[in-house]
Amino acid sequence: MTLNRRVFLGAAGVVAAGLSAPMVLAQGKPRVVVVGGGAGGATAARYIAKDSKGEIDVTLIEPSRTYYTCFFSNLYLGGFQELSDIAHSYGTLAANYGINVVHDWATGVDRDAKTVSLAGGGSVPYDKLILSPGIDFVDGAVEGWDLSAQNIMPHAYKAGSQTELLKAQIMAMPEGGTFAMVAPPNPYRCPPGPYERVSMVAHVLKANNPTAKIIVADPKPKFSKMALFQEGWGNNYEGMVDWIGEDFGGGIVSVNPDAMTVTIDGEETKVDVCNVIPAMKAGRIAEMAGVTDGNWAPVNAADMSSKADPDVYVLGDASQQGDMPKSGFSANSQAKVCANAVRGALTGSKVFPAKFSNTCWSLIDTDDGVKVGATYEATPEKIAKVDGFISQTGEDADLRKATYEESLGWYAGITSDMFG
Ligand SMILES: Cc1cc2nc3c(=O)[nH]c(=O)nc-3n(C[C@H](O)[C@H](O)[C@H](O)COP(=O)(O)OP(=O)(O)OC[C@H]3O[C@@H](n4cnc5c(N)ncnc54)[C@H](O)[C@@H]3O)c2cc1C
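Just so it is clear, the structure is predicted and the values come from calculations on it, not from any experiment. (Residues numbered from 1 in each chain as written. Predicted model: local features only at pLDDT ≥ 70, side-chain atom pairs only at ≥ 80, totals over all residues. Heavy atoms only, no water.)

Student: Would you take a moment to explain the sheet that holds strand S15 (residues 261–264) for this structure?
Tutor: The sheet built from 3 strands is open, its strands ordered S14-S15-S16 with antiparallel pairing. Looking at strand neighbours, the two that pair on one side only are strand S14 (253–256) and strand S16 (267–270), the edges of this open sheet. Going across the sheet, the axis of each strand differs from the next one's by a mean of 20°, ignoring polarity. Pairing of S15 with S16, which is carried by 4 bridges, proceeds in the antiparallel orientation. Looking at S16, one finds that Thr261 is bridged to Lys270. (Pairing = 2+ DSSP bridges. Helix = DSSP H or I, 4+ residues; strand = E, 2+ residues; numbered from the N terminus. Axes fitted to C-alpha atoms, helices over the stretch in contact; angles between N-to-C directions.)

Spelled out as structure tokens, the structure:
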């Protein structure tokens, strides 16, 4: 009897090794910790919890109780959305998916001990760690501006109170006043974002303050969907938008928040609103975890695992992955690939080959939507673009309206994919 039982246990051990599911059998329920409950993190947490059906213990660490999407925050500035339309909570992830949602800041990662420390004290252990902290700003990127000036010259590149502040400032502009934007260098969150914002600011000013002006100081010679935006600004907001690119000194910029001035290539201008969008880098926790190289965190395209540590994964804007733009759509797409790979590594479930896609819609004026998008595959070097599409200049109004309506459907879809 004893001998038989020993033989049985021995055989089970051999089978277990062959199933590539050592964590379940060796340690009980495997633990995944996700830092950041945005487009990448919320999606990854939800897919791992949903598809593993309780086999994996999922903890999501996110300081905010309400997540305001940056996507459609420009439409809020333009009066096409209410702030409440872009607000989402984590209640469904906790109640319907069994995710342990911890509202706190992750303040450090001990990769040897495999723990994440929290601002509120204590630490959370993991077998696999997913970081999706979004972006932080590069110190000193715009002369005269630092985070202490964000309430005078808002970036509104993290949505919520910053977006509300920018909107209040736009609405309070004096008649014929000046709105200035300092645009960021590549690579940055949402390539068409600053230019959709210019369109939405022009839209409200045209209605409320038609003699107001918009100046854009840009360190880049060209930008995403440039021909489409420039056509739209000419058609809808003629004479209102002055885009000063690299060739005209748009990258040589300093600001003075106390005096409310912007100096572009030596020429100082007094402005009423100044939207400073500085150069970006991976959210600080990625650097603290030691998975960044320069400003971003390099990852393997097949599963979004960090090049520095196979048990740490980096999603979305913080990652350096190859050809995908830093967008919510990209982060959501990468999260599903990562969730599948993490579940496979922890439970032995089937892992499908990585496929990624992205579309970025932008609204130029009422019912005037444009888009750019692509599909991607994982290569040993990077996430590589396979093929793409872009709206054309001169499209008819029906097509532009249909493109805008498509973006409304996408917003409903991605937010329910993130938050359940
Ligand atoms: C104006 C604007 C318009 C945009 N429009 C679009 C669009 O139309 N379509 C599109 O696809 N994308 C758009 N984007 C881009 C999109 O918002 C981002 O690419 C996307 O949110 C990236 O997802 P993420 O998971 O990397 O980061 P986020 O969604 O920013 O999530 C990061 C989360 O991590 C949390 N966090 C950070 N540090 C810590 C820490 N230490 N501990 C715990 N939590 C932490 C933050 O609180 C945050 O909730 C837009 C962006 C902007 C600014």
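Still more ground to cover, so stick around.
Student: Quick question: what am I supposed to make of the sheet that holds strand S12 (residues 213–217) here?
Tutor: Across a sheet, strands are paired by hydrogen bonds formed along the backbone, either parallel or antiparallel in direction. In space, the 4 strands of this open sheet follow the order S13-S12-S11-S17, with parallel pairing throughout. Both outer strands of the open sheet, strand S13 (241–244) and strand S17 (273–276), are each paired with one neighbouring strand and no more. Strand-to-strand twist of the sheet, defined as the mean angle between neighbouring strand axes without regard to direction, takes the value 15°. Judged from the 4 bridges that link them, strand S11 (residues 178–182) and S17 form a sheet pairing that is parallel. Residue pairing across strands places Met181 opposite Asn275, the latter belonging to S17. Against the sheet, helix H7 (residues 193–208) engages S11, S12, S13 and S17, with an angle of about 170° to S12. (Contact = heavy atoms within 4.5 Å.)

Student: Quick question: what am I supposed to make of the site of the ligand here?
Tutor: In the vicinity of the ligand lie 34 residues, with Glu62, Tyr67, Ser132, Arg189 and Asp317 positioned nearest. At a separation of 2.8 Å, an oxygen atom of the ligand approaches a polar side-chain atom of Asp317. Within the backbone of Ser327, one N or O atom sits 3.4 Å away from an oxygen atom of the ligand. Here the ligand, which alone exposes 1000 Å², has 93% of that area covered by the protein. Elements supplying a minimum of two residues to the shell around the ligand: helix H3 (39–52), helix H4 (73–77) and helix H10 (328–347). Of all the elements, H10 adds the most residues to the shell around the ligand, at 3 residues. (Near = heavy atom within 4 Å. Polar contact = N/O pair within 3.5 Å; in protein donor to acceptor, adjacent residues only side chain to side chain. Areas by Shrake-Rupley, 256 points an atom, 1.4 Å probe, with all protein chains shown as cover.)

Coordinates in, geometry out; function isn't part of it.
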